[in-house]
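Topology and contacts: notes
If you want the building blocks of each chain, they are given just below.
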Amino acid sequence: MPDILETLLPVFGSAVSAGFPSPADDYIESRIDMNEYLIQHKEATFFLRVQGDSMNQLGILDGDLLVVDRSIPVEVGNIVIAAIDGEFTVKQFALSEGNPILKAANPAYKDISIDPDGDLEIWGVVRWAIHKLWP
Amino acid sequence: MAVTRPSIALVDCNNFYVSCERVFNPKLNNKPVLVLSNNDGCVIARSQEVKDLGIKMGVPWFKIQTLVKHHNIVVFSSNYTLYADMSNRVMQIISHFSPNQEIYSIDECFLDLTGFQHLNLIDHGQRIRATIKQFVGLPVCVGIGASKTQAKLANHLAKKRPAFEGVCDFNTLEPEGLDRLFSEIEVGEVWGVGSRTKKRLAELSIHTVLDLKKSSPKVLRKQFSVVMERTVRELNGESCIPLEEVAPPKEQLICSRSFGAPVFSLIDLTQAVITYTTRAAEKLRQQKSVAALVYVFIETNRFKVNEPQYNNGLLVPLPEPGNDTRLLVGAALTGLKRIYKPGFAYKKAGIMLNDLSCADAKQKGLFEDAELQAHSKSLMQAIDKINGIMGSGTIKFTGEGLKKRWQAKAERKTPAYTTRIDEIPIAYAIG
Ligand SMILES: [Mg+2]
């Protein structure tokens, strides 16, 4: 419901205020827009849902919503979406003795080396993990 | 005064619908994939692997069942929600490469690169390709020429000949080189030359693009039309068809669909007609037009010759041109009630909005009431906005019904990965 209200308010708000300049205008700022805050490149941004617990120790939990930006270059330490055997997997991009690898945030899982000729593809960089606290 | 030759680019996505599916299913890379038309009727998109198997565009699905099984072809119902969103993203990205863009279809647009010639345009084209590939994962090719017709042809070559690496610029070729290239391409590949025109051109011994280029525009104008004359001039590097940055409003809007299963009752037809009219009304408002007439039609399956047949349609005029969904739905349902006859198995229903004009130029009508008008406008804006943000169909008109028995068959449709929060892809954290 609040979302619907937010959409409707500007429509009626502007209609009502037409012709009544108010000194309060100087203090009006746009409300915080989470789209603007979370998304830097809207054409290149996609949302994915986490399934599993192999990234728990970095605070990326089962069910979290990931904001993935495909437009930014991958850097060491980034959390990325990799297509491994055709399946989207969330991992950390790291270096091991100078070679690029994908790490889970859980010592129980083995690192995966990135073979330049293999069919492993870095699909995008995860900018945010959004964790829901209230049902 | 030095006149610079125009540089027009055509950016076109490769196997667009299939490529969209592959972005979200990387498993499908290098596998044969095809997409079916609405209601799973016939083939409307093919991956290169499927093209190589000789499966043609438009063949009915039932005719290729054995091929599909034999070659493990992956088959999808069309997912227009996904394709439309990906198309919007691609067009947005391309718009950063030139201020003058004409969106020509869901997967291609023209760009005016005249004035960008200080850049190496082949490099510029490669940047466009790389950016789209990185941002949204889709492969595109870029064709550049002195006219739109040349750009289309250059794009064809960029796709077909690997040597071009996806970008072909006719303006960088010497005239002799260009003619040699043109002599190797069938005239049927030229923009606007269909199979019938091709036959008539063959009678005049015009077989290749070069033959057409060397023909006299005046003679062809007499034999064909002014369109053909323009095509010849455009092939010769004279730009005759300007870029239309703002697409002219379409003169009619159609929304119709075949049902997955036959429909008998007026209630079910009513639901379908309300849905189609709602969609068409949204499109109408998007292009800032109003309609004066609503045409509604229903059809039985004319291929089932043993069954009783009934086809009818009715054009319903509105009291005044408008784009309010309630007004249009009211008119469509009035028409439907008039033409409906019980006892038939209906296969298809649809509506058409006719006599469209610009909303601003709308004349004052009898029923015009400024207050009512303003209310209608803000209500429709609010509904469009909410449906735009929260997904189409969030706000529906009563009668549209939740259970849509008549909904078209789409058994192999992938999720709306980018437009519905409960259908986004899974990122596994299990290994
Ligand atoms: Mg295409």
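See the structure shown above.
Every chain is numbered on its own, with residues counted from 1 as its sequence reads. Naming scheme: in the order in which they are written, chains are lettered from A and ligands are numbered from 1. Per-residue local features of the predicted model are confined to residues with pLDDT of at least 70, and side-chain atom pairs are confined, for both listing and counting, to 80 or more; whole-chain, interface and lining totals are unaffected and use all residues. Side-chain numbers here rest on the full set of heavy atoms in the structure, without hydrogens or water.

Within 6.5 Å between ring centres, the rings of Phe, Tyr and Trp (the latter by its six-membered ring) count as paired, and their orientation is classed by plane angle as stacked under 30 degrees, edge-to-face over 60, tilted in between. Evaluation of the coordinates by the stated rule reveals 19 aromatic pairs over all chains. Centroid distance B:Tyr310 to B:Phe344: 5.2 Å. Interplanar angle 25°. Geometry classified as stacked. Within this pair, whereas B:Tyr310 is found in the loop between strand S10 (289-300) and strand S11 (311-322), its partner B:Phe344 is found in the loop between helix H13 (325-339) and strand S12 (346-354), the two being separated by 34 residues in sequence. Classification of residues uses two cut-offs on accessible area relative to the type maximum, computed with a 1.4 Å probe and protein chains only: under 20% is buried, over 50% is exposed, and between them is partly exposed. Judged by its relative accessible area of 16%, B:Phe344 falls in the buried class. Among the aromatic side chains, those forming a connected cluster through ring pairs are A:Phe46, A:Phe88, A:Trp123, B:Phe24 and B:Tyr417. Remark: a charge is flagged as sitting over a ring if the NZ atom of Lys or the CZ atom of Arg is within 6 Å of the ring centre and within 35 degrees of the ring normal. The ring of A:Trp123 has A:Arg70 sitting right over it, with the charged end atom 4.9 Å from the ring centre. Here the basic side chain of B:Lys148 rests over the ring of B:Phe110, its NZ or CZ set 4.9 Å away from the ring centre. Numbering of helices and strands starts at the N terminus; helices are DSSP runs of H or I of at least 4 residues and strands are runs of E of at least 2.

Bringing the coordination of the magnesium ion into the picture now. Only B:Asp12 (OD), B:Cys13 (O) and B:Asp107 (OD) from the protein reach the magnesium ion as donors, at distances of 2.1 to 2.5 Å. Because no water is among the atoms considered, metal sites can look incomplete, with donors defined as N, O and S atoms within 2.8 Å of the metal, or 3.2 Å for Na, K and Ca. Counting residues between consecutive donors of the magnesium ion along the chain gives the motif D-C-x93-D.

Mapped onto the elements, A:Lys42 comes out in the loop between helix H2 (34-38) and strand S1 (45-52). C-alpha separation for the pair A:Lys42 and A:Ser71, spaced 29 residues apart in sequence, amounts to 9.6 Å. For A:Lys42, the contacting residues outside a window of four places in its chain are B:Arg89 and B:Gln92. In this description, contact between two residues means that some pair of their heavy atoms is separated by no more than 4.5 Å.

Attention now goes to the pairing of strand S7 (residues 121-130) of chain A. Residues and elements named next belong to chain A. By definition, two strands form a pair when at least two bridges between them are found by DSSP. In this sheet, S7 lies alongside strand S2 (residues 65-69) in antiparallel orientation, the contact comprising five bridges. When the sheet's bridge partners are listed, valine 68 is paired in S7 with valine 126. Direction of pairing for strand S3 (residues 79-84) relative to S7: antiparallel, over a ladder of four bridges. The residue of S7 that forms the bridge with valine 80 is valine 125.

Residue and element names in this part refer to chain B. Angular values range over 0 to 180 degrees, each being the angle between N-to-C directions of two axes fitted as lines to C-alpha atoms, with helices fitted over their stretch in contact. Put simply, helix H4 (residues 80-95) and helix H5 (residues 121-136) touch, their axes get as near as 10 Å, and they point 140° apart. Comparing their axes, H5 and H4 come out oblique. Viewed along their axes, H4 and H5 form a crossing whose handedness is right-handed. Each of Met86, Arg89, Val90, Ile93 and Ile94 in H4 lies in contact with H5, whose residues at this interface are Thr131, Ile132, Phe135 and Val136. Residue polarity is assigned by list, with Asp, Glu, Lys and Arg as charged and Ala, Val, Leu, Ile, Met, Phe, Trp, Tyr, Cys and Pro as nonpolar; anything else, Gly included, falls into the polar class. Of the residues in the contact of H4 with H5, the class split is seven nonpolar, one polar and one charged. Working definition: roughly parallel below 35 degrees, roughly antiparallel above 145 degrees, roughly perpendicular at 65 to 115 degrees, and oblique for all remaining angles. The handedness criterion is simple: a crossing whose near helix is rotated anticlockwise from the far helix by less than a right angle is left-handed, and one whose near helix is rotated clockwise is right-handed.

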